Amino acid sequence: MNTPLAHGRFQRVTHWLMAACLGVMAVAVFINVVLRYGFGSGIAASEELSRLLFVWMVFIGATAAYPAGEHMAFTSLVGMLQKRPVAMAVMTVLIRLLVLLACVLVAWGAWQQVVVGMDSTSVVLGYPVALLPLPAFLSCSAIGVMALIELVRRDPLNLGHEAEVE
């Protein structure tokens with residue numbers, strides 16, 4: 001995200017999508033609980049829908065967390081290199097390359113699962129099973145592109161995490 005406006009818009013959209021997933025999951029599970037305990041019946045699709053939405057919500061959140069610098073970070077070593085600009089630059093490149101490698105590996109595996117899932121459908125709702133690994137592929141692709149842009153631009157590492165820093 002190269003501008004604060006684009007970053008803010010991206011965060012708003014991802015937060016809205018996560019809230020929508022969570023809202024639909026909560027309503028589906030609540031209705032199912034009321035029907036099961038109150039009337040002795042339930043909606044089988046609510047469990048499957050909740051599982052699918054939970055997977056999507058997790059990967060949307062992971063994608064939104066990357067540009068905000070909210071992924072887990074081990075900053076002890078990197079923090080010691082702040083006063084050594086050359087070592088810090090090398091470590092930054094290494095970290096970004098490792099992020100890219102991880103994204104490629106996970107995206108490759110997720111894509112293989114998407115291809116396998118295209119031929120089968122879920123038991124209750126009948127959606128293509130490819131919709132379960134698809135968010136992992138999309139998330140890793142997006143994070144990989146963001147890491148590649150940071151690598152090309154030579155953006156410094158964001159060490160100002162708001163959470164506890166190790």
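Residues numbered from 1 in each chain as written. Predicted model: local features only at pLDDT ≥ 70, side-chain atom pairs only at ≥ 80, totals over all residues. Heavy atoms only, no water.

Q: What is the right way to read the overall build of the chain from this model?
A: Summing up its helical and strand segments, the chain has 5 helices and 0 strands in all. Along its sequence from the N terminus, the chain presents helices and strands in the succession α-α-α-α-α. Since a compact globule built from 166 residues should have a radius of gyration of about 15 Å, the 20 Å found for the chain marks it as more spread out than a globular shape. Relative to its 166 residues, the chain shows a buried fraction of 30%. (Helix = DSSP H or I, 4+ residues; strand = E, 2+ residues; numbered from the N terminus. Rg over C-alpha atoms; globule rule 2.2 N^0.38 Å. Buried < 20%, exposed > 50% of the residue type's maximum accessible area, 1.4 Å probe, protein only.)

Q: Help me understand helix α2 (residues 44-65), please; the structure alone is not making it clear to me.
A: For α2, built from 22 residues, the straight-helix expectation of 32 Å at 1.5 Å per residue is met to within 8% by its first-to-last C-alpha distance of 33 Å. Listing the buried residues of α2 in full gives Ala45, Ser46, Glu48, Ser50, Leu52, Leu53, Val55, Met57, Ile60, Thr63, Ala64 and Ala65. (Expected span 1.5 Å × (residues − 1).)

Q: What is the right way to read the packing of aromatic side chains from this model?
A: Evaluation of the coordinates by the stated rule reveals 1 aromatic pair. Here the aromatic rings of Trp111 and Phe137 are separated by 5.0 Å at their centres, their planes lie at 45°, and the arrangement is tilted. One end of the pair, Trp111, is in helix α4 (residues 85-117); the other, Phe137, is in helix α5 (residues 134-153), and 26 residues separate them in sequence. Using a relative accessible area of 42% as the deciding quantity, one classes Trp111 as partly exposed. (Phe/Tyr/Trp six-rings, centres within 6.5 Å; stacked < 30°, edge-to-face > 60°.)

Q: When you look at the nonpolar core in this model, what are you seeing that I'm missing?
A: Most often, soluble globular proteins keep nonpolar side chains buried together rather than apart. Counting residues in each nonpolar core, the largest one holds 9 residues, listed as Tyr66, Leu100, Cys103, Ala107, Cys140, Ile143, Met146, Ala147 and Leu151. Elements with a contribution of two residues or more to this core: α4 and α5. With 5 residues, the top contributor of residues to this core is α5. Filtering out sequence-adjacent residues up to four positions away, Cys140 remains in contact with Cys103, Val106 and Ala107. Core analysis: the next-biggest nonpolar cluster, separate from the first, contains 6 residues, Met18, Cys21, Met25 and Met57 among them. (Core = buried A, V, L, I, M, F, W, Y, C linked by side-chain atoms within 4.5 Å. Contact = heavy atoms within 4.5 Å.)

Q: When you look at the packing of α2 against α5 in this model, what are you seeing that I'm missing?
A: When two helices pack together, their arrangement is captured by the angle between the axes and the distance separating the axes. Interaxial distance between α2 and α5 falls to 9 Å at its minimum, and their mutual angle equals 5°. Relative to α5, α2 is oriented roughly parallel. From α2, Val55, Trp56, Phe59, Ala62 and Thr63 reach across to α5, where they touch Leu134, Pro135, Ala136, Leu138, Ser139, Ala142, Ile143 and Met146. Looking at the contact of α2 with α5 residue by residue, the classes come out as 11 nonpolar, 2 polar and no charged. (Axes fitted to C-alpha atoms, helices over the stretch in contact; angles between N-to-C directions. Parallel < 35°, antiparallel > 145°, perpendicular 65-115°, else oblique. Nonpolar A, V, L, I, M, F, W, Y, C, P; charged D, E, K, R; others polar.)

Q: Even after reading the chapter, I still don't get the pattern of salt bridges, so can you show me in this structure?
A: Pairing is possible between side chains that carry opposite charge, provided their charged atoms lie close to one another. Scanning the entire structure with this criterion turns up 2 salt bridges. For Arg96, the salt bridge is made with Glu150, and the minimal N-O distance between the two is 2.9 Å. With Arg96 in helix α4 and Glu150 in helix α5, this pair connects stretches of sequence that are 54 residues apart. Classification of Arg96 as buried rests on a relative accessible area of 6%. (Salt bridge = Lys/Arg side-chain N within 4 Å of Asp/Glu carboxyl O.)

Q: I keep staring at the environment of Arg84 and nothing clicks. Help me out?
A: With respect to the helices, strands and loops of the structure, Arg84 is situated in the loop between α3 (75-80) and α4. Taking the C-alpha atoms as reference, Arg84 lies 31 Å from Thr63; in sequence the two are 21 residues apart.

Q: Just checking my understanding: could you explain the packing of α4 against α5 for this structure?
A: At a closest axis distance of 8 Å, the pairing of α4 and α5 adopts a crossing angle of 155°. As far as their axial angle goes, α5 and α4 are roughly antiparallel. Between α4 and α5 lies a crossing of left-handed hand. For the pair formed by α4 and α5, the contact residues are Val93, Arg96, Leu97, Val99, Leu100, Cys103, Val106, Ala107, Ala110, Trp111 and Val114 on the first element and Leu134, Ala136, Phe137, Cys140, Ile143, Gly144, Ala147, Leu148, Glu150 and Leu151 on the second. Residues belonging to the contact of α4 with α5 are distributed by class as follows: 18 nonpolar, 1 polar and 2 charged. (Left-handed = near helix turned anticlockwise from the far one by under 90°.)

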